[in-house]
Amino acid sequence: MLVSSCGLLSDDETDATTTTAASDEMMSDTETETATIVTAAPPTTADTMAEDDASGSNVTLESKLSTAGLGPVQIGHTLDDAREAAGALMIAVPGGTDACRYFTVQNGPAGVRFLAANSEIVRVDIDSGPITTISGYGIGSTQSEIIEAFGDRIEDGPGLSAIQYVPVDAPDVDKRVVWEVDEAGAVISLRAGRLPHIESRVACTG
């Protein structure tokens, strides 16, 4: 089911025409506890760079999600690029393989995971916390609010309990922002990334 007219990850506006223009602009933009590097996964260059500032990360609760990535960490970054942008180690989550493995950012906010496929960042998952899209839609937002804001840029799926923003600009046509919603239509998680990696609610499971 295709939902009606819009502009998703841009500044919130009530007028359908202005929200669509704003969304185009936005979509093109690009716990404090010290973690130990997971040894269950093979070490990567990003894992072994130990001279990062342990005081914090450039990825924070104020970072915003878009088709470009989360804050300074971009879709398409290598793990080394992501570590440099984040200003902190990328910590491998147990499980997965080189073809599909989640990473967290040392000293970064809880509930944020970056998916790497063959050492390239292809997706960002937000499973908890206050982080939202650039336009302000995150956990606790409603499906109806998002549809009203972005109209026909919003489509059903992937999955039975999700809606997704579908860009039309050439550089982003293979990217999506996805909000998972509960039975009441409230957002319970969100993610952004590149097809086909963005489609499954949880990656690296098969």
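In what follows, the accompanying structure is described. On a predicted model such as this, the values are computed, not experimentally measured, just so you know. All residue numbers refer to position in the chain's written sequence, counted from 1. Totals for whole chains, interfaces and linings use all residues, but because this is a predicted model, local features are given only for residues with pLDDT of at least 70 and pairs of side-chain atoms are given and counted only at 80 or more. Only heavy atoms go into the side-chain values, all of them from the structure, while hydrogens and water stay out.

**Some points on helix 3 (residues 79-86)**
Owing to its 3.6 residues per turn, the α-helix brings residues three or four apart onto one side. Of the positions making up helix 3, those classed as buried are Leu79, Ala82, Arg83, Ala85 and Ala86. Viewed end-on, helix 3 has its buried residues packed into an arc of 165°, placing them on one side of the element. Only runs of H or I of at least four residues qualify as helices and only runs of E of at least two qualify as strands under DSSP, and these elements are numbered from the N terminus. Immediately downstream of helix 3, the backbone of glycine 87 shows phi near 70°, a positive value. Exposure categories follow from relative accessible area, calculated using a 1.4 Å probe and restricted to protein chains: below 20% of the type maximum is buried, above 50% is exposed, and the middle band is partly exposed. Note that the arc is computed from the directions linking the helix axis to the C-beta atoms.

**Thoughts on helix 4 (residues 143-150)**
Burial in helix 4 covers these residues: Ile146, Ile147, Ala149 and Phe150. Viewed along the axis of helix 4, the buried residues span an arc of 165°, placing them on a single side of the element. Exposed side chains of helix 4 directed beyond 90 degrees from the buried face belong to Ser144 and Glu148. Where helix 4 terminates, the next one or two residues include glycine 151, which has phi positive at roughly 50°.

**Here's the deal with the sheet that holds strand 2 (residues 69-70)**
Each strand in a sheet pairs with its neighbour through backbone hydrogen bonds, running either in the same direction (parallel) or in the opposite one (antiparallel). Two strands make a pair as long as DSSP finds a minimum of two bridges between them. Within the open sheet, the three strands sit side by side as 1-2-3. Their pairing is antiparallel. Two strands in the sheet have a free side with no partner beyond their single neighbour: strand 1 (65-66) and strand 3 (73-74). Across two bridges, strand 2 lies against strand 3 in antiparallel orientation. When the bridges of strand 3 are listed, leucine 70 appears paired with valine 73.

Take it as geometry only, folks, not as evidence of what the structure does.
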